[in-house]
2 protein chains.
Amino acid sequence: MLDPHFFILERLHEFASSVFQHFGVPVQDAEQAADILVLSDLRGIDSHGIARLRSYVSMLSVGRINPQPNITIVRESLSTATVDADNGLGLVVGPKANSMAMDKADHVGTGWVAVKNTNHFGIAGWYVLEALKRDMIGWAMTNTTRIVTPLWGAERMLGTNPIAIAFPGFEEPPIVIDMATPAAAFGKIEMAIRTDNSIPAGWAIDRNGHPTTDPKTMTDGGAILPLGTDRDHGGHKGYCLGAMVDLLCGPLSGANWGPFTPPFTLEHAEPSRRVGQGIGHFFGAMKIEAFIDSTEFKHQIDDWIRTFRATKPAPGTTGPLIPGDPERLAEAERRQTGIPLVPAVVEDLRFVAKQTGVPFE
Amino acid sequence: MLDPHFFILERLHEFASSVFQHFGVPVQDAEQAADILVLSDLRGIDSHGIARLRSYVSMLSVGRINPQPNITIVRESLSTATVDADNGLGLVVGPKANSMAMDKADHVGTGWVAVKNTNHFGIAGWYVLEALKRDMIGWAMTNTTRIVTPLWGAERMLGTNPIAIAFPGFEEPPIVIDMATPAAAFGKIEMAIRTDNSIPAGWAIDRNGHPTTDPKTMTDGGAILPLGTDRDHGGHKGYCLGAMVDLLCGPLSGANWGPFTPPFTLEHAEPSRRVGQGIGHFFGAMKIEAFIDSTEFKHQIDDWIRTFRATKPAPGTTGPLIPGDPERLAEAERRQTGIPLVPAVVEDLRFVAKQTGVPFE
């Protein structure tokens, strides 16, 4: 430990891996799962990193996630597969399905894999960074527990349903898009509650569907609004994006969708009915060489990045970022400082340590 | 003509086709181009229908669009192709490239075609409706002339860069997503100018990058904001979406991208440099049977549609729509009433009639 609030990355990795192994996850799978968790912390996406370990543990400890899934391909073509993840950890089955997509892309140019009967897979960005290692454009999506209302709705019907895609540069770092589809992240609403602040107009509604700036009325049966917020500002587009991810991950794979996606923690109620199995992911890989010379492509990406960095800045800003910049800068910093964890997360990890007997500090 | 302002669909189709033929477009291609134009009018997307005929004509009349392109495949794999459209009409080469994607999907499960050296292709929705006829999920994107600023930018760097995708129902009509990636459509800003109204905050900036509600300051060197508008409301996500479409259509195909996409009309200045050929499209087709039984899938889509229609409505609304509803309702109405055209468009068509000798009224 570098400081009371900063933790050494490798130490968090070892802890997460050992905890997964405690619940019967095979060593290699546990290491893989820990890789994804700590990459999230490293890249500054604190909500999807080690902070989630306690909820994974709660699900594993009551048998709600299968630590040793028998992953099967239920349908396949040269460029596609549908995978039954046997209720495994998304952090374990996600990488395998993503690899299948890349292997198919190696053979026929692209590969697309829909996964059902799975669970939370960590940050979507991890999967598309893998594709870059193989000179491919990676795609990753997942549907998630309901928390977002459609435009003109007054209840939670969709998850935060992220979409990620990445493009490699030659000299420049890659362009990495990794975005959820609501107007705001749930983590920001939780943070406003903890700090006793209001939230900006346009993020959320209360349980009756009225716009609210009180974060507690959102968590108390309200919902997050889709990207675009209202009709005038394109809220129907944010709803469309959330729907697109839900439809590719749910009905296409045979997973649950929309309001019927199962929760990620034991605290949340089960959905009123089941329309599939588990949640769903959707992975894609496109071999760049199947479209264009990959060196030529990367030089164009470099040019794109430099061109967009040189955009005239809006007053009071330093100008546009390139998608992936914030995560890359966080990673550079945290490789030096270690991973900062807030006290609540440290408490959670101590709880997990006590429960499993895996030493934490 | 049913009324001074309403036009018979078939008549507009015949006019458009004859005008294209006047400029040397082969009959079958001219009919295809007219199909796409009038479907846009029929579905209520007035900005992309017959209203654009005059700008196509202006480009054809000075040889800026090739009426008889020699479309070639420059690179190919079992699930991909890259097409050089030889500077043809997007309305002609788009459908051919889209068909290639579907043919590949027939063989290997999915097909993905990047097109360079092309021009405006009409509504993205037309292409994905074609895929539905073959039991496929269609994807269509195109990059377009710059008019949108990245978040924290103060100039036009990206086009409206639409993305479309559609999913077939069994008894229910399909879910058809067809959305541009800025906060608002340029057509709405033009309409505000014509009616001497202001525009909502959050749509646009002026030439210095300051937020504006005066539509004239947007058209006078300003820019449209990305979906999400500002950092607090996810403007970085709208920027990411516009960038994603630009990167798939531009660098991947070898077309121009970002601020270097050529304009669609003669009135706009040429970009400062060329980084590829023409604009670019990106088409995808996924055979549903390559992932899941297509009847089972369509029953799930029906269930999804009915579930989302039954969402508790927000106060003052009738509840969420299903993506594609507005266009479907417009189509049902306009099949009865004919196509309403505003006087400015009628004037444009009369001008085209005079220029080409093709009778209009």
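These numbers come from a predicted model, not from an experiment.

J.: For this particular structure, what's the right way to read the overall build of chain A?
T.: Helices and strands together make up the secondary structure of chain A, namely 11 helices and 12 strands. Relative to the compact-globule value of 21 Å for 361 residues, chain A shows a C-alpha radius of gyration of 20 Å, a close match. Counting only C-alpha atoms, chain A reaches 50 × 50 × 50 Å along its principal axes. Sorting the 361 residues of chain A into buried and exposed places 59% on the buried side. Pairs at least 24 apart in sequence give 62% of the contacts found in chain A among residues at least 6 apart.

J.: How should the nonpolar core be read in this particular structure?
T.: In summary, soluble globular proteins display a tendency toward joint burial of nonpolar side chains. In this structure, A:Ala16, A:Ala33, A:Ala166, A:Ile224, B:Ala166 and B:Ile224 are the most contacted members of the largest nonpolar core, which totals 232 residues. Setting aside residues no more than four positions away along its own chain, B:Ala166 makes contact with B:Val128, B:Leu129, B:Ala131, B:Leu132, B:Ile137, B:Gly138, B:Pro174, B:Ile175, B:Val176 and B:Ile177.

J.: What's the story with the domain arrangement of chain A in this structure? I'm lost.
T.: Reports of interface size often rely on the accessible area that becomes lost once the parts have come together. Residue and element names in this part refer to chain A. Taken domain by domain, chain A holds domain 1 (1-68 + 337-361), domain 2 (69-180 + 236-310) and domain 3 (184-224). Spacing between the C-alpha centres of domain 1 and domain 2 amounts to 23 Å. Sorting the residues of the side of domain 1 that touches domain 2 by element identifies α2 (27-42) and α3 (53-61) as the ones contributing at least two each. No other element matches α2, which puts 7 residues into the side of domain 1 that touches domain 2.

J.: Just checking my understanding: could you explain the interface of chain B and chain A for this structure?
T.: Every contact between the two is made by 68 residues of chain B and, on the other side, 68 residues of chain A. Those elements that place two or more of their residues in the side of chain B that touches chain A are β2 (72-77), β3 (80-84), β4 (110-118), β6 (163-167), β7 (175-179), α8 (235-249) and α9 (294-309) of chain B. Element by element, the count of residues in the side of chain B that touches chain A is highest for α9(B), at 7 residues. Tallied by class, the residues present in the side of chain B that touches chain A amount to 40 nonpolar, 22 polar and 6 charged.

J.: Would you take a moment to explain the environment of B:Ile322 for this structure?
T.: Residues and elements named next belong to chain B. Among the structural elements, Ile322 can be located in the loop between α9 and α10 (325-337). For Ile322, a count of 23 C-beta atoms within 10 Å corresponds to the buried category. Separated by 13 residues in the primary sequence, Ile322 and Arg309 have C-alpha atoms spaced 7.0 Å apart. Here Ile322 is in contact with Ile175, Ile305, Phe308 and Arg309, once residues within four sequence places are set aside.

J.: Would you mind showing me how to read the packing of helix α1 (residues 9-22) of chain A against α2(A) here?
T.: Two quantities define a packed helix pair, namely the angle between the helix axes and the distance between the axes. All names here are of chain A. One can describe the packing of α1 onto α2 by two numbers: an axis separation of 8 Å at closest approach and a directional angle of 140°. The orientation of α1 with respect to α2, classified from their angle, is oblique. Regarding α1 and α2, the two cross each other, and that crossing is right-handed. Contact residues: α1 offers Leu9, Leu12, His13, Ala16, Ser17, Phe20 and Gln21, while α2 offers Val27, Ala30, Glu31, Ala33, Ala34, Leu37, Val38, Asp41 and Leu42. For the contact of α1 with α2, a count of residues per class yields 11 nonpolar, 3 polar and 2 charged.

The rules behind the values
- Residues numbered from 1 in each chain as written.
- Chains lettered and ligands numbered in written order.
- Predicted model: local features only at pLDDT ≥ 70, side-chain atom pairs only at ≥ 80, totals over all residues.
- Helix = DSSP H or I, 4+ residues; strand = E, 2+ residues; numbered from the N terminus.
- Rg over C-alpha atoms; globule rule 2.2 N^0.38 Å.
- Buried ≥ 20, exposed ≤ 12 C-beta atoms within 10 Å, placed from the backbone.
- Contact = placed C-beta atoms within 7 Å.
- Core = buried A, V, L, I, M, F, W, Y, C linked by C-beta atoms within 7 Å.
- Domains from an automatic or database assignment.
- Nonpolar A, V, L, I, M, F, W, Y, C, P; charged D, E, K, R; others polar.
- Axes fitted to C-alpha atoms, helices over the stretch in contact; angles between N-to-C directions.
- Parallel < 35°, antiparallel > 145°, perpendicular 65-115°, else oblique.
- Left-handed = near helix turned anticlockwise from the far one by under 90°.

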